[in-house]
Amino acid sequence: MEARSAVDDAALGREAWSVLDANRTGSATVPAPGLYPHQWSWDSAFVAIGLARWDTRRAAAELLSLLAGQWRTGMVPHIVFHPARAEAYFPGPSVWRSHDHPAAPTGVLTSGLTQPPLHALAVRQVWRHAADRDEAAALVRRIYPMLAAQHDYLAATRDLGGAGLAAIVHPWESGMDDSPVWDEPLEALPAVRYAYRREELPERHPDSHHDRYVWLALRYRDSGYDGAYLRLDHPFAIEDPMFNGIWLASCQALAELAPVAGSDPRPHEEAAARIRTALLERLWSDGLFHALDLRGGRLIPVRAIGGFGPLLDPGLPFEVAMALVATLESARFMGAAGYPVPSCEIRAPQFDRSRYWRGPSWVNTNWLLRRAATVHGRTELARQLTAATLRLVRQAGFRECFDPFDGSGRGGRDFSWSAALTLDLLADSAES
Ligand code: 2M8
């Protein structure tokens, strides 16, 4: 592996800051230079989480820049485009055509899909850590209505199964696009060939897969990004445990923020309870949460990292939380990986140590699981996740993801969430 000489904590922190500075364009941070030249939704939430302890204003600017792209429906888009680089990434604004949609913001170009709603959790991190309490309270008052609208959108438009969970309508919405969880529902879609250019990377899925992504996105766009179309016709609708686990955790964060904004926390507490019940009734099976394919009418059997998402909920029943931890620590996931946490069960036939979301370990999911372990009092597991993640970036740099066996870096370099969350993990390991 491409080992670097040992980097001490202070040097690692400085390197993380220089990656974040280099990837900053105006008030937003792009995920990686070249590869992802725009602002991505959950990437920015992770960046804000990493900044929260150190720079309240910059964390706030990051989130507000993303929320400038929020649609009047409440939908927070998965990409806010950088106008000067409009077509530097496919699919760009000319594919999404947000400017033609009456609910899209004017003067900002965005995609038409969303991503895991991590933003309230990010704002709560900023709120909890901010030194200037008045400034933080002003931020919460400003941003709370936007977050509430985001959650209302999910409840009103994305509860396609009618049981209180939000459905994703495209693999891009999961943030774990290439995960084998989507293989079967994608294979049921027509194989139309499109002409486009995208950067070839060995980590990426083949064009045959990507064509289906494009087909799905165009179908949704051509419906006018219509909610009724999603309910009745759209061929891809999945209740994903990571998306919903994050939503639940963000409902709990909103409940904490609501009084600061002069609002009632109860609707958010009730929403969290509803999501918890639906997760347990619909997605829990055999020691892990599974994605539910609403169109195929069944749980997708693949065991993947997303199945641990509901562990973010401190209110998860004890026996469920402990069963999840057992699965996480077993040879299916951490137990057989040198560098946790593989994004897919190691024993699964679809496991691939080097392809995006089909096996590699990621800093963002390690951070989420470290947090989940903490809220369930599993401090040794949390410490292990922190140490292993810091070892990865120390050895291989702030790569997009990492080989779970030898820790070598994969995908993009100077990746923003890897750098930002390192700042948070460093602070945490210094405290423990
Ligand atoms: C990856 O997703 C984009 C599409 O949104 C892509 O594959 O081009 C994912 O890893 C996603 O989680 C991430 O937000 C995005 C930017 O880092 O890249």
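In case you missed it, the structure is sitting above this.
What you see is a predicted model, and the numbers here were worked out from it, not measured in a lab.

Caption draft 1: Main features of the pattern of salt bridges. Overall, the coordinates contain 25 salt bridges when judged by the stated rule. The salt bridge involving Arg221 is made with Asp222; its shortest N-O contact spans 2.9 Å. Here Arg221 falls in the buried class, since its relative accessible area comes to 15%. The closest approach of N and O atoms between Arg282 and Glu239, which form a salt bridge, is 2.9 Å. Separated by 43 residues along the polypeptide, Arg282 in helix α12 (residues 266-283) and Glu239 in strand β6 (residues 238-239) bring together distant segments of the chain. What makes Arg282 partly exposed here is its relative accessible area of 24%. In this structure, a network of salt bridges that share partners links the residues Arg53, Arg370, Asp424 and Asp428.

Caption draft 2: The arrangement of unusual backbone geometry in detail. Following Phe90, the chain continues into Pro91 via a peptide bond in cis, with omega recorded as 0 degrees. Residue placement: Pro91 occurs in the loop between β4 (79-80) and α4 (93-96). Along the chain, Pro340 connects to Val341 via a cis peptide bond; the corresponding omega equals -10 degrees. Position of Val341 among the secondary structure elements: in the loop between α13 (318-329) and α14 (363-375). For Tyr225, which is not glycine, the phi torsion reads 50 degrees and is therefore positive. Mapping Tyr225 onto the fold places it in the loop between α9 (207-222) and α10 (227-232). Given the relative accessible area of 10%, Tyr225 is considered buried. The backbone of Asp286 sits at a positive phi, close to 60 degrees, despite the residue not being glycine.

Caption draft 3: Just the state of the cysteines, in detail. A full pass over the atoms with the stated rule returns 0 disulfides. No disulfide involves Cys344; its nearest neighbouring cysteine sulfur is the one of Cys401, lying 13 Å away.

Caption draft 4: Representation of the packing of helix α2 (residues 41-51) against helix α5 (residues 119-129) within the structure. Where α2 contacts α5, the axes come no closer than 8 Å and their chain directions differ by 15 degrees. Of the possible angle classes, the one that applies to α2 and α5 is roughly parallel. In this structure, α2 meets α5 at a crossing whose hand is left-handed. Residues Ser41, Trp42, Ala45, Ala48 and Ile49 of α2 form the contact with α5, whose participating residues are His119, Leu121, Ala122, Gln125 and Val126.

Caption draft 5: Region of interest: the site of the ligand. Among the 15 residues in the neighbourhood of the ligand, the closest are listed as Trp40, Asp43, Tyr89, Gly175 and Asp177. The separation between an oxygen atom of the ligand and a polar main-chain atom of Gly175 is 2.5 Å. Taking 410 Å² as the accessible area of the ligand by itself, protein coverage stands at 96%. Of the residues belonging to the shell around the ligand, the class tally is 9 nonpolar, 3 polar and 3 charged.

Caption draft 6: Fine view of the sheet that holds strand β9 (residues 292-293). The 4 strands lie next to each other as β5-β6-β9-β10, forming an open sheet whose pairing is antiparallel. The sheet is open, and its two borders are formed by β5 (167-168) and β10 (298-299), each paired with just one other strand. Where β5 meets β6, 2 bridges bridge the pair, whose relative direction is antiparallel. Note that in β6 the partner of Ala167 across the bridge is Glu239.

What counts, and at which threshold
Residues numbered from 1 in each chain as written. Predicted model: local features only at pLDDT ≥ 70, side-chain atom pairs only at ≥ 80, totals over all residues. Heavy atoms only, no water. Salt bridge = Lys/Arg side-chain N within 4 Å of Asp/Glu carboxyl O. Buried < 20%, exposed > 50% of the residue type's maximum accessible area, 1.4 Å probe, protein only. Helix = DSSP H or I, 4+ residues; strand = E, 2+ residues; numbered from the N terminus. Disulfide = S-S within 2.5 Å. Axes fitted to C-alpha atoms, helices over the stretch in contact; angles between N-to-C directions. Parallel < 35°, antiparallel > 145°, perpendicular 65-115°, else oblique. Left-handed = near helix turned anticlockwise from the far one by under 90°. Contact = heavy atoms within 4.5 Å. Near = heavy atom within 4 Å. Polar contact = N/O pair within 3.5 Å; in protein donor to acceptor, adjacent residues only side chain to side chain. Areas by Shrake-Rupley, 256 points an atom, 1.4 Å probe, with all protein chains shown as cover. Nonpolar A, V, L, I, M, F, W, Y, C, P; charged D, E, K, R; others polar. Pairing = 2+ DSSP bridges.

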